[in-house]
Amino acid sequence: MSNWQIEGQYMETCNCNFICPCIGSNLTAPPTEGDCKAAIAMRIDHGSKDGVTLDGLAFIVLLHSPGPMIDGNMKVGLIIDENADQAQTDAIAGIASGEAGGPMAALAPLVSEIAGIEKRPIRFEMNGMDRHVTAGELIDQSLSGIPSAVKEGDTLYLDNVAHPVSPKLALAKANHSRFHAFGIDWEDSSGLRNGHFSPFSWAA
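Residues numbered from 1 in each chain as written. Predicted model: local features only at pLDDT ≥ 70, side-chain atom pairs only at ≥ 80, totals over all residues. Heavy atoms only, no water.

Colleague: Go over the overall build of the protein with me, naming the residues and quoting the values.
Modeller: On a plain count of helices and strands, the protein comes out with two helices and 13 strands. For 204 residues, the compact-globule formula gives about 17 Å, and the C-alpha radius of gyration of the protein, at 16 Å, lands near that figure. Across its three principal axes, the protein shows a C-alpha extent of roughly 45 × 40 × 35 Å. Counting across all 204 residues of the protein, residues that qualify as buried make up 53%. (Helix = DSSP H or I, 4+ residues; strand = E, 2+ residues; numbered from the N terminus. Rg over C-alpha atoms; globule rule 2.2 N^0.38 Å. Buried < 20%, exposed > 50% of the residue type's maximum accessible area, 1.4 Å probe, protein only.)

Listed below in structure tokens is the structure:
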């Protein structure tokens, strides 16, 4: 295990109805569809591991939980920016899997299947309270933050949550989600599904 740090921006959508019951129940509630499919997209603005610079790269953790997350038995696949060379790919894989320690190490005991790694061009766009991420033909997801009624230009937040990315997450609704990778398939454009976003800062 080595010293590393990364920071940047995160967004995700999932197949739960807004507001997702998983986080509000400390991962003990059944997802609203019975299972959970989520794409956790991370853009690294600054960071390095073992002297390998990771600035400007992105990755997506695609997961499937067959029931309440606390019960485990999750399947996880990793999509890494195609611009990453082998050293950068290995560094991101170690961080995203939890093998290198850090926040994702807490999730690792709940994972029973590592479905593999795919490399695709990842685009991570931000515009105010909107986020849009694509990874080739595998992922296309967008969301819009829920605006605060008391603080203009800001969103509603959940704080002190059990989530590996950040303890404070903005509340959002998914505009659309399309996941087709690692045998995890989901498409929705109802505008009724859950989303979150936040800056993040990880280290180990």
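Colleague: Break down the packing of aromatic side chains for me, citing the residues and quoting the values.
Modeller: One pass over the full model with this rule turns up one aromatic pair. Its guanidinium or amino end placed over the ring of Phe 197, Arg 131 lies 4.3 Å from that ring's centre, counting from NZ or CZ. One Lys or Arg, Lys 168, reaches over the ring of Tyr 157 and ends 4.5 Å from the middle of that ring. (Phe/Tyr/Trp six-rings, centres within 6.5 Å; stacked < 30°, edge-to-face > 60°. Lys NZ or Arg CZ within 6 Å of the ring centre and 35° of its normal.)

Colleague: Help me get a handle on unusual backbone geometry, residues and values and all.
Modeller: A cis geometry characterises the amide bond from Phe 18 onward to Ile 19, with omega recorded as -5 degrees. Within the element layout of this structure, Ile 19 appears in the loop between β1 (4–17) and α1 (21–24). One non-glycine residue with positive phi stands out, namely Asn 26, at about 55 degrees. Tracing the chain through its elements places Asn 26 in the loop between α1 and β2 (36–49). With a phi angle near 60 degrees, Asn 160 is a residue other than glycine that sits in the positive phi range.

Colleague: Could you give me a rundown of helix α2 (residues 86–97), with the residues and numbers involved?
Modeller: Counted at 1.5 Å a residue, the expected span for α2 with its twelve residues is 16 Å, and the 16 Å between its end C-alpha atoms agrees. Among the residues of α2, Gln 88, Thr 89, Ala 91, Ile 92, Ala 93, Gly 94, Ile 95 and Ala 96 are the ones counted as buried. With a side-chain oxygen positioned 3.2 Å from the backbone nitrogen of Ala 87, the residue opening α2 is Asp 85. Downstream of α2 by one or two residues, Gly 98 has phi in the positive range, about 90 degrees. (Expected span 1.5 Å × (residues − 1). Polar contact = N/O pair within 3.5 Å; in protein donor to acceptor, adjacent residues only side chain to side chain.)

Colleague: Account for the nonpolar core, naming residues and giving values.
Modeller: Within the largest apolar cluster, 39 residues are counted, with the highest numbers of intra-cluster contacts made by Ile 6, Met 42, Leu 54, Phe 59, Val 61 and Trp 202. Secondary-structure elements contributing two or more residues to this core are β1, α1, β2, β4 (58–65), β5 (74–81), α2 and β13 (193–203). The residues touching Phe 59, leaving out its near neighbours within four places in the chain, are Ile 6, Ile 40, Ala 41, Met 42, Ile 44, Leu 78, Ile 79, Ile 80, Ile 92, Ala 96, Ile 122 and Trp 202. Counting residues in each nonpolar core, the second largest holds 22 residues, with Ala 58, Val 133, Ala 135 and Ala 181 among its members. (Core = buried A, V, L, I, M, F, W, Y, C linked by side-chain atoms within 4.5 Å. Contact = heavy atoms within 4.5 Å.)

Colleague: Can you break down the pairing of strand β6 (residues 111–120) residue by residue, with the values?
Modeller: Each regular strand carries side chains that alternate between the two faces of the sheet. As judged from the eight bridges shared by β5 and β6, these two strands associate in the parallel manner. Among the inter-strand pairings, Val 76 is bridged to a residue of β6, identified as Ile 114. In the classification by handedness, the crossover that spans β5, the intervening α2 and the parallel β6 is right-handed. (Pairing = 2+ DSSP bridges. Right-handed = clockwise from strand over helix to strand, strands pointing away.)

Colleague: A description of the side chain of Gln 88 should follow, citing residues and the corresponding values.
Modeller: With respect to the helices and strands, the residue Gln 88 is situated in helix α2. Given a relative accessible area of 15%, Gln 88 falls into the buried group. Leaving out residues up to four positions away in the same chain, Gln 88 has contacts with Val 52, Thr 53, Leu 54, Leu 57 and Asn 83.

Colleague: How would you explain the environment of Ser 97 if you had to name every residue and give the values?
Modeller: Along the polypeptide, Ser 97 turns up in helix α2. Put simply, Ser 97 and Ala 108 are eleven residues apart on the chain and 6.9 Å apart in space, counted from C-alpha to C-alpha. What Ser 97 contacts, discounting residues up to four positions off in sequence, is Met 104 and Ala 108. Side-chain polar atoms of Ser 97 contact the backbone nitrogen of Glu 99, separated by 3.2 Å.

Colleague: Outline the environment of Ser 112, listing residues and values.
Modeller: As for its position among the elements, Ser 112 is in strand β6. Taking C-alpha positions, Ser 112 is 4.9 Å from Asn 73, a pair spaced 39 residues apart along the chain.

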